[in-house]
Structure formats: C-alpha cells, structure tokens
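# Secondary and tertiary structure notes
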Amino acid sequence: MSTAPILDGTGRPDDLANRLRATRALSLDLAVPLSDADATVQPFPDASPAKWHLAHTTWFFETFILRDHVPGYQAHDERFAYLFNSYYNAEGERHARPKRGMLSRPTLDQIRDWRASVDQALEKAFPTLSTQALELVELGINHEQQHQELLLTDILATFAENPLEPAYAKLDPAACHAVEPLSFHPGRSGIVEIGATGSGFAFDSEGPRHRVFLQGHAIASRKVTNGEWADFIAGGGYSTSSLWLSEGWDWVQGEGIRAPLYWHDDGSEFTLAGRREIDRAAPVAHVSFFEADAFARWAGARLPTEAEWEDFAAGADPFLGNQLDDAGAVLPTPGGDIFGDAWEWTGSAYLAFPGFAPAEGAVGEYNGKFMCGQFVLKGASCATPRGHSRASYRNFFPPSARWQFTGLRLAKDN
C-alpha cells in the first residue's frame with residue numbers, strides 16, 4: 001500500500017497540518033490501554049508489536065520529511081533507523097521482522113518521547129516545507145492510518161494468544177438485528193473505467209485510471225453474515241474438498257482450519273472487547289481468501305473481480321459505514337454500508353495496472369514489489385480510520401491471511 005501522493009482537495013497546508021496532528025494523536029490514544037508488555041509482544045511474524053507501529057510511523061516522518069527536507073535536522077536517536085525501518089532496502093539494513101517482539105528497549109515511554117520530539121520538529125518546520133515535502137506528509141498521514149488499523153488487529157491477535165483473554169476495551173452488548181435479505185444487483189457490462197481519478201490523495205498502485213471490459217454480472221446487496229457462515233460450517237464446508245482450491249485445501253488440512261479465526265465451538269468469538277457471543281446478523285470477518293472463495297462456491301456464487309467491485313461502489317460514500325472514529329474496541333455490526341465493517345476479498349490478484357510506475361525514491365518500494373502472491377481487498381473495515389479508503393483503494397494480503405477484519409460479498413455471472 002503506497003504512493004503517488006497528492007495534497008487533499010483543498011491543497012491548503014493548514015488543513016494538512018491539522019490532519020497530521022489528529023492522526024498522530026489517534027495513534028497515541030490507541031496505545032493508552034496498553035502496558036509496556038502488551039505493546040512489546042509480537043504474536044506471529046506477520047504481525048508487529050504496538051510499540052513498533054508507534055515507532056515505525058515516527059521513523060517515517062523523521063526520515064522522509066525531517067531528515068530529507070529540513071536542513072540541519074538531527075535524528076532523535078541514530079540507532080532507531082535500524083530498529084524501525086520496515087522493508088525499505090534503499091534505507092539500508094534493518095532489524096529482522098520476525099524479531100520485532102524481542103525489542104524490550106526502547107520502552108513504550110521512550111517511544112512516546114521520540115514521537116513528541118518528532119511532532120514538535122514537524123510543527124516548527126511545517127511553514128517552510130516544500131510542496132514535495134508536504135506531499136510526503138500527506139503520504140505519511142495515510143501510511144500512519146494503515147498502521148492504526150494494523151495496531152488494532154495485531155493487539156487482537158496478541159490478546160487472543162493469552163489464556164486469560166484480556167479485553168483491550170469495552171463494547172456495548174450487541175443489539176438484536178434481523179438479517180437483511182440477500183439480493184443481487186445487476187452490475188454494468190461493457191467498457192468502464194477504474195483506478196484513482198486524480199482528485200485527492202491516492203497510492204501509486206491505484207493508478208493509472210484505465211478502461212476495462214466487464215461481462216454481465218450481479219453483486220450481492222450486502223456482505224456475508226456470521227449466520228450464513230455458521231450454515232457453511234454446518235453444511236460441511238470445511239470438510240468438502242471439491243469446494244476448495246488445491247492450495248486452499250492443503251492449507252485447511254495442514255492448519256486444521258474449521259472456522260473463522262477467533263471463533264470458538266461454544267458459539268462465541270474472541271474480540272477486542274474479550275469473549276462475546278457471535279452475532280449472526282453481523283458481517284463475518286477474519287476469513288482468508290481461501291475460505292471466502294470456498295464459501296462463494298458453496299453458495300453457488302463467486303467472488304467479485306476488483307473491477308466489478310470498484311464499479312459497483314463508485315457512487316457510494318466512503319465516509320459512511322462502521323469505521324474507526326476514536327480509539328477503542330471495534331467489531332463488525334449488522335446493517336452496514338458498502339464501506340466499513342470488513343474488507344472484502346475479490347477474486348483478483350494484486351497486480352500492476354497498465355502504465356503503472358512506482359513513486360521515485362525509497363517510498364517507491366511501498367507497493368510495487370509486493371505485486372506477487374497477493375489478492376485485492378476492497379472497501380474498509382471497522383478498524384479503518386474514517387476517510388482513509390475510497391472505491392479505488394487496493395488493500396492486499398496473501399490468500400491465507402485472516403487476522404485482519406476480512407470478509408466477503410458474493411457475485412454471480414448473468
């Protein structure tokens with residue numbers, strides 16, 4: 001996920017500065033419930049400690065804005081660049097990703113101090129930053145919003161490993177909701193355009209905007225629910241090999257997968273608010289591409305293509321729906337909009353659009369080099385900061401990933 005950064009619609013640096021302050025503050029707020037130990041644990045190699053997310057996003061601003069665009073700036077601690085670079089080869093050697101959970105030092109408080117120092121330097125430098133530097137600030141805001149979602153999902157994965165099942169924060173009891181009837185809406189056919197429109201910020205992988213041809217199809221009016229997934233389980237979905245791609249079947253068998261991640265046999269699921277009864281009316285989440293594809297086949301349908309989904313959602317308001325507004329526990333809820341609750345797997349591989357070129361410099365490593373072995377997800381989740389996503393947004397994960405809030409919407413051929 002990254003860059004062809006553009007200033008927001010107003011193009012005004014004061015608006016950008018306000019959004020930067022709000023974004024940086026939300027990250028700190030998300031860490032408030034965590035002890036230093038909570039923030040240090042790495043539950044598995046693809047996840048990262050909360051402390052690391054706070055540090056890496058600070059390294060991003062210190063490196064690409066302060067170091068590169070503020071003459072005379074001195075790094076808060078020269079050692080931190082090695083610890084908190086993620087995968088930018090152009091920035092040199094870095095600490096191994098699977099060992100991020102071994103970093104007991106710096107402490108959470110020391111990282112907070114570093115953040116404060118960098119934020120102060122950004123405030124001081126902001127009036128003199130060049131247009132190029134301001135575009136990198138815009139990129140940094142969107143980058144940090146991605147890590148805010150990852151911070152929540154990684155804490156959920158961390159606490160799920162603890163037999164005490166600690167809660168990150170409280171959530172109100174689920175309200176009773178009837179499941180919205182499932183219907184299919186005809187999609188457009190023929191030549192349509194997809195990709196970033198050029199208005200507002202977009203990551204480099206969202207463009208160039210280009211034409212694609214859509215065959216006749218229909219897309220479901222809502223996401224698949226927990227109740228429908230329970231029916232899939234009861235109907236032998238996880239034990240019927242004909243429903244699965246070969247690699248997916250090997251994964252299910254090898255990993256002993258029998259339900260969405262965090263589901264328990266007693267009808268409960270583990271959430272950021274601790275163990276709760278599964279809400280049958282809410283959208284299912286924490287399922288892999290393999291599972292989503294098998295469910296669609298079981299339901300006599302398929303996953304939409306990226307182009308079908310984007311064209312379907314082009315007129316929807318991405319600011320609506322169950323998305324992240326404030327620090328706290330989140331969970332998919334019934335009756336949502338197109339955006340929010342859970343990211344939706346598509347049947348499309350994450351590949352370059354025609355004419356794609358990565359951004360120049362180290363930030364160009366953000367997206368292009370991951371265009372192999374990943375599938376595109378569209379929409380947003382309950383952990384996505386509101387305003388971060390749009391119809392052209394291309395989230396991506398490998399097909400077995402399911403610790404994110406990932407679900408699905410069905411499609412059919414006409």
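## Let's talk about the overall build of the chain
Within the chain one finds nine helices and 11 strands. Its C-alpha atoms give the chain a radius of gyration of 21 Å, within 12% of the compact-globule value 22 Å for 414 residues. Overall size of the chain, expressed as C-alpha extent along the three principal axes, is 65 × 55 × 40 Å. By residue count, 56% of the 414 residues in the chain fall in the buried class. For the chain, restricting intrachain contacts to residue pairs at least 6 apart in sequence, the fraction spanning at least 24 positions comes to 81%.

## Here we look at the environment of C382
Position of C382 relative to the elements: it lies in the loop between strand 8 (375-378) and strand 9 (395-397). Expressed as a C-alpha distance, the spacing of C382 and T40, which sit 342 residues apart in the sequence, is 24 Å. Setting aside anything within four residues of it in sequence, one finds C382 in contact with N322, Q323, L324, V330, L331, P332, G340, D341, A342 and F405.

## With respect to the side chain of D293
Among the secondary structure elements, D293 is positioned in helix 8 (residues 289-298). D293 has contacts with L245 and L303, leaving out every residue within four places of it along the chain.

## Digging into the packing of helix 6 (residues 226-234) against helix 8
For the pair helix 6 and helix 8, the least separation of the axes is 11 Å and the interaxial angle reads 80°. Of the possible angle classes, the one that applies to helix 6 and helix 8 is roughly perpendicular. Here E228, W229, D231 and F232 of helix 6 lie close against helix 8, whose contacting residues are E291, A292, A294, F295 and W298. Considered class by class, the residues forming the contact of helix 6 with helix 8 number six nonpolar, no polar and three charged.

## Regarding the sheet that holds strand 4 (residues 217-220)
Strand order in this open sheet of three strands is 1-4-11, and the pairing throughout is antiparallel. Taken across any chain shown, the strands that pair with only one partner, and hence form the sheet edges, are strand 1 (184-186) and strand 11 (411-413). The average undirected angle you get between the axes of adjacent strands in this sheet is 25°. Examined bridge by bridge, strand 4 and strand 11 share three bridges and lie antiparallel to one another. In the strand pairing of strand 11, I219 is matched with A411. Against the sheet, helix 9 (residues 306-313) touches strand 4 and strand 11, its axis set at about 65° to strand 4.

## Let's talk about the pattern of salt bridges
In total, this model carries 26 salt bridges according to the counting rule given. For E193, the salt bridge is made with R209, and the minimal N-O distance between the two is 3.2 Å. Residue E193 is located in strand 2 (residues 190-194), and its partner R209 is located in the loop between strand 2 and strand 3 (210-214); the two are separated by 16 residues in the primary sequence. The partly exposed category is assigned to R209, whose relative accessible area is 36%. Residue R275 is joined to D266 by a salt bridge in which the shortest nitrogen-to-oxygen separation is 3.2 Å. Overall, the relative accessible area of 36% leaves R275 in the partly exposed class. What you see here is one network of salt bridges that share partners, running through R24, R115, D119 and E144.

## Some thoughts on unusual backbone geometry
In this model, R105 is joined to P106 through a cis peptide bond whose omega is 0°. Within the fold, P106 resides in the loop between helix 3 (80-84) and helix 4 (108-125). Residue P208 is bonded to the preceding G207 through a cis peptide linkage, with omega at 0°. Inspection of the secondary structure puts P208 in the loop between strand 2 and strand 3. Although it is not a glycine, E165 sits at a positive phi angle of roughly 50°. Of note in the backbone geometry, D341 takes a positive phi value of approximately 70° without being a glycine. Mapping D341 onto the fold places it in the loop between helix 9 and strand 7 (343-349). By relative accessible area, D341 is classed as buried at 1%.

## Re the packing of helix 1 (residues 13-31) against helix 2 (residues 50-69)
The N-to-C vectors of helix 1 and helix 2 enclose an angle of 160°; their axes lie 11 Å apart at closest approach. Judged by the angle between their axes, helix 1 and helix 2 are roughly antiparallel. Classified by chirality, the crossing of helix 2 by helix 1 is left-handed. Seen from helix 1, the contacting residues are L20, R24, S27, L28 and A31; seen from helix 2, they are L54, T57, T58 and F61. When the residues that make up the contact of helix 1 with helix 2 are grouped by side-chain class, the tally is five nonpolar, three polar and one charged.

## Remarks on the packing of aromatic side chains
Here the distance between the centres and the angle between the planes together describe a pair of aromatic rings. Inspection of the entire model under this criterion finds 29 aromatic pairs. Between W59 and Y88 the ring centres are 5.6 Å apart and the planes differ by 45°, which places this aromatic pair in the tilted class. Within this pair, whereas W59 is found in helix 2, its partner Y88 is found in the loop between helix 3 and helix 4, the two being separated by 29 residues in sequence. Like Y88, W59 is buried. Cluster of aromatic residues (ring-pair linked, three or more members): W59, F60, F61, F64, Y87, Y88, Y350, F370 and F396. Above the face of the W52 ring, R100 is positioned so that its terminal group lies 3.6 Å from the ring centre.

Here is what the cut-offs are and how they apply
- Residues numbered from 1 in each chain as written.
- Predicted model: local features only at pLDDT ≥ 70, side-chain atom pairs only at ≥ 80, totals over all residues.
- Heavy atoms only, no water.
- Helix = DSSP H or I, 4+ residues; strand = E, 2+ residues; numbered from the N terminus.
- Rg over C-alpha atoms; globule rule 2.2 N^0.38 Å.
- Buried < 20%, exposed > 50% of the residue type's maximum accessible area, 1.4 Å probe, protein only.
- Contact = heavy atoms within 4.5 Å.
- Axes fitted to C-alpha atoms, helices over the stretch in contact; angles between N-to-C directions.
- Parallel < 35°, antiparallel > 145°, perpendicular 65-115°, else oblique.
- Nonpolar A, V, L, I, M, F, W, Y, C, P; charged D, E, K, R; others polar.
- Pairing = 2+ DSSP bridges.
- Salt bridge = Lys/Arg side-chain N within 4 Å of Asp/Glu carboxyl O.
- Left-handed = near helix turned anticlockwise from the far one by under 90°.
- Phe/Tyr/Trp six-rings, centres within 6.5 Å; stacked < 30°, edge-to-face > 60°.
- Lys NZ or Arg CZ within 6 Å of the ring centre and 35° of its normal.

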